[in-house]
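Observations on the model geometry
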Amino acid sequence: FAGQYDSLLTKDGRKEAQALGRNFMMRNTPFWRLYASDLSRAHETALHILKAAGREDIIPALHLEKRLRERSYGPQQGMSRKVSVEEALKVWIEKNQAPPKWETDEDLWERSSEWINELLDEIKSLERMLDSVQKKPPGMYHVFVVSHAGIVRTILLNLVGHDRLAELGASWDESRNNRLVIPNTSLSILETDIGDEKPLENVKVIELTNSKHLDAINMYDD
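Summarised in this report is the structure supplied together with it. Everything quoted here is computed from the prediction, not taken from an experiment.

Right, let's talk about the overall build of the protein for a bit. Along the backbone of the protein there are seven helices and seven strands. When the helices and strands of the protein are listed from N to C terminus, the series reads α-α-β-α-β-α-α-β-α-α-β-β-β-β. A compact globule built from 222 residues should have a C-alpha radius of gyration of about 17 Å, and the protein, at 19 Å, falls within 12% of that. When its C-alpha atoms are laid out on the principal axes, the protein stretches across 65 × 45 × 35 Å. In the protein, which comprises 222 residues, the proportion classed as buried is 40%. In the protein, the proportion of contacts linking residues at least 24 apart, taken out of those at least 6 apart, comes to 73%. Approximately 13300 Å² of the protein is accessible, and the part contributed by carbon and sulfur atoms is 49%. Each charge class in the protein can be summarised by its mean position, and for the 30 positive and 36 negative side chains these summaries are 3 Å apart.

Printed below as a string of structure tokens:
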């Protein structure tokens, strides 16, 4: 349960991030904003993606966002999945420390949706300002985001929904209560119209957990 334990990116993780960076879209999309979770492994992933994409010039614009952190796994955080809650609590008691809070799915959606809505409000404000100067159709605002499986899963389930995800061919892990599978460094792209009264209710899926870029890792192996 890595959770919010601030571990570094592994060697395999670096290779996977670099493979994603070689993706055509990563090399050519004019990103309006760039975000990454403030946990080291996500920050490193973002840096490796952008460097592999030849986008070093936009790295200074990368914002680290606490609300994009992985789920907090409470007392089991940073421990093996084989460690029970009772065993984990004993460790915290021995350290004379209070364990972190376990976050629910609702907790994850509360903080991630807060961030999304702030982003949409900023875009709408910018559009109103531009429209007052020169009448024009809304622009395209491409947002680069590197987060964690728990957050990506939460956003997809809340904005797209279980049934639609199933129709699109999403994978579900039967061994873990049919949980939506989010492969490491997979690419998901969502699109919405900021002109809609409720843009989060009309989200289109452009890419869903695409990990085809990982097929080429051996070609670039050290």
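A separate point is the sheet that holds strand β1 (residues 31-37). Strand order in the open sheet made by the three strands is β2-β1-β3, with parallel pairing throughout. A strand with exactly one partner marks an edge of an open sheet, and here the two such strands are β2 (62-65) and β3 (142-146). Pairs of neighbouring strands in the sheet enclose a mean axial angle of 25 degrees, with direction left out of account. Inspection of the sheet shows β1 paired to β2 by four bridges, in the parallel sense. Bridge pairing in β2 links Ala36 to Leu64. Helix-sheet contacts for helix α3 (residues 40-52) involve β1, β2 and β3, and the interaxial angle to β3 is about 130 degrees.

Taken together, the buried positions of helix α6 (residues 149-159) are occupied by Gly150, Ile151, Arg153, Thr154, Ile155, Leu156 and Leu159. Positive phi appears at Gly161, one or two residues downstream of α6, with a value of about 95 degrees.

The packing of two helices is summarised by the inter-axis angle and the distance between the axes. Where helix α1 (residues 11-21) contacts α3, the axes come no closer than 7 Å and their chain directions differ by 40 degrees. Relative to α3, the element α1 lies oblique. Every pair of crossing elements has a handedness; the one defined by α1 and α3 is right-handed. From α1, Arg14, Ala17, Gln18, Leu20 and Gly21 reach across to α3, where they touch Thr45, His48, Ile49 and Ala52.

Aromatic rings in a pair are described by how distant their centres are and how their planes are angled relative to each other. Overall, the coordinates contain four aromatic pairs when judged by the stated rule. Between Tyr35 and Trp115, the aromatic rings sit 5.2 Å apart at their centres with planes inclined by 80 degrees, giving edge-to-face as the arrangement. In this pair, Tyr35 sits in strand β1 while Trp115 sits in helix α5 (residues 105-133), placing the two residues 80 residues apart along the sequence. Side by side, Tyr35 and Trp115 carry an identical accessibility label, which is buried. Taken together, a centroid distance of 5.3 Å and an interplanar angle of 85 degrees make the contact between Tyr73 and Trp102 edge-to-face.

Quick notes on the rules
- Residues numbered from 1 in each chain as written.
- Predicted model: local features only at pLDDT ≥ 70, side-chain atom pairs only at ≥ 80, totals over all residues.
- Heavy atoms only, no water.
- Helix = DSSP H or I, 4+ residues; strand = E, 2+ residues; numbered from the N terminus.
- Rg over C-alpha atoms; globule rule 2.2 N^0.38 Å.
- Buried < 20%, exposed > 50% of the residue type's maximum accessible area, 1.4 Å probe, protein only.
- Contact = heavy atoms within 4.5 Å.
- Areas by Shrake-Rupley, 256 points an atom, 1.4 Å probe, with all protein chains shown as cover.
- Lys, Arg positive; Asp, Glu negative; His and termini not counted.
- Charge placed at Lys NZ, Arg CZ, Asp CG, Glu CD.
- Pairing = 2+ DSSP bridges.
- Axes fitted to C-alpha atoms, helices over the stretch in contact; angles between N-to-C directions.
- Parallel < 35°, antiparallel > 145°, perpendicular 65-115°, else oblique.
- Left-handed = near helix turned anticlockwise from the far one by under 90°.
- Phe/Tyr/Trp six-rings, centres within 6.5 Å; stacked < 30°, edge-to-face > 60°.

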